[in-house]
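Listed here are the chains, written in short residue letters.
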Amino acid sequence: MTPQKKITVIIADDHTLVRRGLVSLLSLNNDIEVIAEVGDGRVAVEIALEKRPDVVMMDLSMPNLSGFEAIRQIKKRAPTVKILVLSAYDNEEYVLETVLNGADGYMLKNTSPDELNNAIKTVASGGTYYSPSVARIAEEAKSALSLSPDGPAARIADRLTEREREILQLLTEGKATKQIAKRLHISPKTVEVHRLNLMGKLKIDSIAQLTKYAIQEGLTQPEP
(Lines give C-alpha, C1' and ligand atoms only; values in the text may rest on other atoms or scores of the structure.)
Protein backbone atom coordinates (compact mmCIF):
# COMPACT_ATOMS: atom_id res chain seq x y z
CA MET A 1 0.00 0.00 0.00
CA THR A 2 1.36 3.44 -0.96
CA PRO A 3 1.80 5.63 2.12
CA GLN A 4 -0.46 8.70 2.26
CA LYS A 5 1.30 11.91 1.29
CA LYS A 6 1.79 14.23 4.23
CA ILE A 7 0.52 17.81 4.21
CA THR A 8 3.58 20.05 3.89
CA VAL A 9 3.55 23.20 6.01
CA ILE A 10 5.69 26.33 6.35
CA ILE A 11 5.38 28.29 9.61
CA ALA A 12 5.88 32.07 9.35
CA ASP A 13 5.96 33.88 12.70
CA ASP A 14 8.40 36.45 14.06
CA HIS A 15 8.52 34.85 17.52
CA THR A 16 10.99 31.96 17.79
CA LEU A 17 9.20 30.35 20.74
CA VAL A 18 5.88 30.38 18.88
CA ARG A 19 7.46 28.77 15.82
CA ARG A 20 9.19 26.09 17.84
CA GLY A 21 6.01 25.39 19.78
CA LEU A 22 4.04 24.97 16.57
CA VAL A 23 6.71 22.68 15.11
CA SER A 24 6.57 20.49 18.22
CA LEU A 25 2.78 20.48 18.21
CA LEU A 26 2.41 19.60 14.54
CA SER A 27 5.08 16.90 14.76
CA LEU A 28 2.58 14.90 16.83
CA ASN A 29 0.32 14.64 13.77
CA ASN A 30 1.43 11.93 11.35
CA ASP A 31 -0.44 13.58 8.47
CA ILE A 32 1.47 16.89 8.67
CA GLU A 33 5.12 17.71 7.99
CA VAL A 34 6.68 21.11 8.74
CA ILE A 35 9.26 21.70 5.99
CA ALA A 36 10.42 25.20 7.00
CA GLU A 37 9.99 27.91 9.63
CA VAL A 38 10.72 31.60 9.04
CA GLY A 39 10.52 34.78 11.09
CA ASP A 40 10.51 37.37 8.30
CA GLY A 41 7.74 38.29 5.87
CA ARG A 42 10.00 38.69 2.86
CA VAL A 43 11.72 35.37 3.54
CA ALA A 44 8.31 33.73 3.96
CA VAL A 45 7.43 34.72 0.40
CA GLU A 46 10.78 33.49 -0.96
CA ILE A 47 10.59 30.12 0.82
CA ALA A 48 6.93 29.59 -0.10
CA LEU A 49 7.69 30.22 -3.79
CA GLU A 50 10.72 27.94 -3.64
CA LYS A 51 9.23 25.00 -1.75
CA ARG A 52 5.54 25.32 -2.78
CA PRO A 53 4.11 23.81 0.42
CA ASP A 54 0.51 22.72 0.76
CA VAL A 55 -0.08 25.29 3.52
CA VAL A 56 1.66 28.40 4.84
CA MET A 57 0.73 29.28 8.42
CA MET A 58 1.12 33.06 8.45
CA ASP A 59 1.33 35.53 11.32
CA LEU A 60 0.31 39.07 10.36
CA SER A 61 2.85 41.04 12.37
CA MET A 62 6.10 40.31 10.53
CA PRO A 63 9.28 42.36 9.97
CA ASN A 64 10.43 43.55 6.51
CA LEU A 65 7.13 42.58 4.87
CA SER A 66 3.80 42.42 6.66
CA GLY A 67 1.81 39.23 6.73
CA PHE A 68 -0.88 40.98 4.68
CA GLU A 69 1.52 41.77 1.86
CA ALA A 70 3.20 38.35 2.11
CA ILE A 71 -0.21 36.72 1.63
CA ARG A 72 -0.92 38.89 -1.40
CA GLN A 73 2.44 38.14 -3.03
CA ILE A 74 2.28 34.39 -2.43
CA LYS A 75 -1.26 34.15 -3.77
CA LYS A 76 -0.37 36.21 -6.81
CA ARG A 77 2.65 34.06 -7.72
CA ALA A 78 1.60 30.66 -6.37
CA PRO A 79 -2.22 30.61 -6.13
CA THR A 80 -2.36 26.88 -5.34
CA VAL A 81 -0.47 27.39 -2.06
CA LYS A 82 -3.01 27.60 0.75
CA ILE A 83 -2.56 30.22 3.47
CA LEU A 84 -3.87 29.87 6.99
CA VAL A 85 -3.50 32.99 9.12
CA LEU A 86 -2.65 32.40 12.76
CA SER A 87 -3.03 35.69 14.61
CA ALA A 88 -3.62 37.14 18.06
CA TYR A 89 -5.92 39.78 16.54
CA ASP A 90 -9.61 39.28 15.82
CA ASN A 91 -10.58 42.79 14.71
CA GLU A 92 -12.64 43.27 11.58
CA GLU A 93 -10.09 45.22 9.54
CA TYR A 94 -7.43 42.51 9.73
CA VAL A 95 -9.86 39.71 8.88
CA LEU A 96 -11.24 41.68 5.92
CA GLU A 97 -7.79 42.45 4.55
CA THR A 98 -6.63 38.83 4.73
CA VAL A 99 -9.76 37.70 2.88
CA LEU A 100 -9.23 40.37 0.22
CA ASN A 101 -5.61 39.27 -0.19
CA GLY A 102 -6.64 35.66 -0.71
CA ALA A 103 -6.07 33.86 2.62
CA ASP A 104 -7.86 30.52 2.94
CA GLY A 105 -8.42 30.65 6.68
CA TYR A 106 -7.98 32.73 9.83
CA MET A 107 -7.31 31.19 13.21
CA LEU A 108 -6.70 32.87 16.55
CA LYS A 109 -3.67 31.89 18.60
CA ASN A 110 -5.87 30.75 21.49
CA THR A 111 -7.25 27.92 19.36
CA SER A 112 -6.96 24.31 20.50
CA PRO A 113 -4.43 21.90 18.95
CA ASP A 114 -7.22 19.73 17.54
CA GLU A 115 -8.90 22.71 15.89
CA LEU A 116 -5.60 23.86 14.40
CA ASN A 117 -4.94 20.41 12.94
CA ASN A 118 -8.44 20.36 11.53
CA ALA A 119 -7.99 23.84 10.02
CA ILE A 120 -4.73 22.83 8.29
CA LYS A 121 -6.31 19.71 6.80
CA THR A 122 -9.39 21.66 5.70
CA VAL A 123 -7.52 24.40 3.82
CA ALA A 124 -5.03 21.88 2.37
CA SER A 125 -7.96 20.01 0.81
CA GLY A 126 -9.32 23.18 -0.78
CA GLY A 127 -11.74 24.40 1.88
CA THR A 128 -11.75 27.46 4.13
CA TYR A 129 -11.59 27.56 7.92
CA TYR A 130 -12.18 30.42 10.34
CA SER A 131 -12.23 30.67 14.11
CA PRO A 132 -15.84 31.05 15.29
CA SER A 133 -15.32 34.64 16.49
CA VAL A 134 -14.21 35.82 13.03
CA ALA A 135 -16.24 33.49 10.79
CA ARG A 136 -19.10 35.95 10.25
CA ILE A 137 -16.74 38.77 9.30
CA ALA A 138 -14.87 36.52 6.87
CA GLU A 139 -18.02 35.22 5.19
CA GLU A 140 -19.41 38.74 4.78
CA ALA A 141 -16.11 39.87 3.28
CA LYS A 142 -16.11 36.99 0.79
CA SER A 143 -19.70 37.74 -0.18
CA ALA A 144 -18.96 41.43 -0.70
CA LEU A 145 -15.86 40.60 -2.72
CA SER A 146 -17.73 38.22 -5.00
CA LEU A 147 -20.53 40.71 -5.54
CA SER A 148 -18.30 43.74 -6.05
CA PRO A 149 -14.69 42.87 -6.96
CA ASP A 150 -14.03 46.50 -7.93
CA GLY A 151 -15.40 47.95 -4.70
CA PRO A 152 -13.55 50.30 -2.32
CA ALA A 153 -11.82 47.53 -0.40
CA ALA A 154 -10.37 46.01 -3.57
CA ARG A 155 -9.14 49.40 -4.80
CA ILE A 156 -7.07 49.90 -1.62
CA ALA A 157 -4.71 47.09 -2.64
CA ASP A 158 -4.60 48.26 -6.26
CA ARG A 159 -3.76 51.84 -5.41
CA LEU A 160 -0.10 51.10 -4.64
CA THR A 161 2.51 49.10 -6.50
CA GLU A 162 4.20 46.12 -4.85
CA ARG A 163 7.36 48.16 -4.30
CA GLU A 164 5.38 51.04 -2.79
CA ARG A 165 3.72 48.66 -0.34
CA GLU A 166 7.12 47.28 0.64
CA ILE A 167 8.44 50.79 1.25
CA LEU A 168 5.31 51.71 3.17
CA GLN A 169 5.86 48.70 5.44
CA LEU A 170 9.46 49.70 6.15
CA LEU A 171 8.57 53.36 6.70
CA THR A 172 5.95 52.41 9.28
CA GLU A 173 8.61 50.31 11.04
CA GLY A 174 10.65 53.50 11.43
CA LYS A 175 13.32 52.65 8.87
CA ALA A 176 15.30 55.56 7.39
CA THR A 177 15.73 56.08 3.64
CA LYS A 178 19.26 54.64 3.59
CA GLN A 179 18.16 51.59 5.60
CA ILE A 180 15.28 50.95 3.19
CA ALA A 181 17.59 51.34 0.19
CA LYS A 182 20.04 48.83 1.61
CA ARG A 183 17.28 46.37 2.52
CA LEU A 184 15.68 46.51 -0.94
CA HIS A 185 18.96 46.82 -2.87
CA ILE A 186 17.98 50.09 -4.52
CA SER A 187 19.36 53.63 -4.32
CA PRO A 188 18.23 56.14 -1.65
CA LYS A 189 17.02 58.37 -4.50
CA THR A 190 14.77 55.58 -5.77
CA VAL A 191 13.34 55.14 -2.27
CA GLU A 192 12.53 58.85 -2.14
CA VAL A 193 10.81 58.70 -5.53
CA HIS A 194 8.65 55.76 -4.43
CA ARG A 195 7.85 57.48 -1.13
CA LEU A 196 6.74 60.65 -2.89
CA ASN A 197 4.68 58.64 -5.37
CA LEU A 198 2.81 56.70 -2.71
CA MET A 199 2.21 59.82 -0.63
CA GLY A 200 0.89 61.56 -3.73
CA LYS A 201 -1.44 58.68 -4.59
CA LEU A 202 -2.82 58.63 -1.06
CA LYS A 203 -2.86 62.43 -0.68
CA ILE A 204 -0.80 62.14 2.51
CA ASP A 205 1.99 64.52 3.42
CA SER A 206 3.72 63.04 6.48
CA ILE A 207 5.17 59.74 7.70
CA ALA A 208 2.85 59.86 10.71
CA GLN A 209 -0.19 60.00 8.42
CA LEU A 210 1.27 57.21 6.29
CA THR A 211 1.61 55.03 9.36
CA LYS A 212 -1.95 55.80 10.44
CA TYR A 213 -3.23 54.99 6.95
CA ALA A 214 -1.33 51.70 6.79
CA ILE A 215 -2.72 50.57 10.15
CA GLN A 216 -6.29 51.65 9.32
CA GLU A 217 -6.27 49.77 6.03
CA GLY A 218 -4.68 46.65 7.48
CA LEU A 219 -1.52 47.00 5.39
CA THR A 220 0.59 46.80 8.54
CA GLN A 221 0.00 46.42 12.27
CA PRO A 222 0.70 48.59 15.28
CA GLU A 223 3.23 47.26 17.74
CA PRO A 224 1.41 45.29 20.49
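Nothing here was measured: the structure is a model prediction, and the numbers come from that model.

A.B. asks: Where do I start with the pattern of salt bridges in this structure?
C.D. replies: Pairing is possible between side chains that carry opposite charge, provided their charged atoms lie close to one another. In the structure shown here, the tally under the stated rule is 13 salt bridges. The partner of R163 in a salt bridge is E166, and the shortest N-O contact between them spans 2.9 Å. Here R163 pairs with E166, and both are found in helix α8 (residues 162-172), just 3 residues apart, close to one helical turn. Members of the salt-bridge network, linked through shared partners, are D13, D59 and K109.

A.B. asks: Would you explain the environment of R165 in this entry?
C.D. replies: Structurally, the position occupied by R165 is in helix α8. Note: C-alpha distance between R165 and A214 (49 residues apart in sequence) is 9.2 Å. Within the structure, R165 has its side chain in polar contact with the side chain of E69 (distance 2.8 Å).

A.B. asks: What should I look at first to understand the side chain of K75 in this one?
C.D. replies: When you line up the elements, K75 lands in helix α3 (residues 67-77). For K75, the residues in contact, after removing those within four places along its chain, are V81, K82, I83, N101, G102 and D104.

Parameters at a glance
Residues numbered from 1 in each chain as written. Predicted model: local features only at pLDDT ≥ 70, side-chain atom pairs only at ≥ 80, totals over all residues. Heavy atoms only, no water. Salt bridge = Lys/Arg side-chain N within 4 Å of Asp/Glu carboxyl O. Helix = DSSP H or I, 4+ residues; strand = E, 2+ residues; numbered from the N terminus. Polar contact = N/O pair within 3.5 Å; in protein donor to acceptor, adjacent residues only side chain to side chain. Contact = heavy atoms within 4.5 Å.

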